Every structure is written in C-alpha cells, then in structure tokens.
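A structural walkthrough
Listed here are the chains, written in short residue letters.
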Amino acid sequence: MSEPNKSRDAVDLAEAARLIDELERDLAKVRGGSADVQRLRDEVETLRNVLNSPVRRDNWVTDSLHAIRDQLDETVDEAVYEGMTISRYVADVARLLGL
C-alpha cells in the first residue's frame, strides 16, 4: 500500500543540509546578540542535529524547518541591518516545505 502524499511531504534532506550550511555562515556574520538571533541560531543547530541523527524522522525535519521559517520572520530587523538576506532563506525554506 502506498503512502499518501509521500512525494509532496518529503523534504530534500541534502538541500536542507545545504541551506543550513549557508544559514550558519550568514548567522556567524551577525554580530548582534539579541534573543531573536540567538533563537534562530538555536533552531538552526536543532535542525543540524536532526539531519545528523542516525534516527531521522521526516516530521522532525519539517517541524525544524517551520520553526526556522517562523524565527526568520522575527529576526528580520536585526539581520537585515547586519546584511543577511532573510527573504532568500524564507523562500528556500518554503520551497523545501512545498509551500
């Protein structure tokens, strides 16, 4: 029996890992220590851990990507000030989630 919506819900894990690499590099450039930026860093680290876990669940990856997308929205002001391109990351996460 096939799993419904499997192809629609599946996240490209290699693409998610590439996105996390890029986000980590850009976040390293953000000098601000606001709580929003720290929460974004924490969410990125969480997804990195999920992707590196030997027990990987698609819903964990999806949940982490949603959390990162939400946190990106809250971090816009400071990160834009520091030169980070938030809109590109929001678009990339939405694409990975099929939104």
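That block above? That's the structure.
Residues numbered from 1 in each chain as written. Predicted model: local features only at pLDDT ≥ 70, side-chain atom pairs only at ≥ 80, totals over all residues. Heavy atoms only, no water.

Re helix 2 (residues 13-29)
- For helix 2, with 17 residues, the first-to-last C-alpha span of 25 Å sits near the 24 Å given by 1.5 Å per residue.
- Residues of helix 2 that are buried: Glu 15, Ala 16, Leu 19, Ile 20, Glu 22, Leu 23, Asp 26 and Leu 27.
- At the N-terminal boundary of helix 2, the capping side chain belongs to Asp 12, with an oxygen 3.1 Å from the backbone nitrogen of Ala 14. (Helix = DSSP H or I, 4+ residues; strand = E, 2+ residues; numbered from the N terminus. Expected span 1.5 Å × (residues − 1). Buried < 20%, exposed > 50% of the residue type's maximum accessible area, 1.4 Å probe, protein only. Polar contact = N/O pair within 3.5 Å; in protein donor to acceptor, adjacent residues only side chain to side chain.)

Quick word on the pattern of salt bridges
- Evaluation of the coordinates by the stated rule reveals six salt bridges.
- A salt bridge links Arg 48 to Glu 24; the nearest nitrogen and oxygen atoms lie 2.8 Å apart. Separated by 24 residues along the polypeptide, Arg 48 in helix 3 (residues 35-52) and Glu 24 in helix 2 bring together distant segments of the chain.
- Look at Arg 48 and you get buried, because its relative accessible area is 18%.
- Linked by salt bridges that have partners in common, Glu 15, Arg 18, Glu 22 and Arg 95 make up one network. (Salt bridge = Lys/Arg side-chain N within 4 Å of Asp/Glu carboxyl O.)

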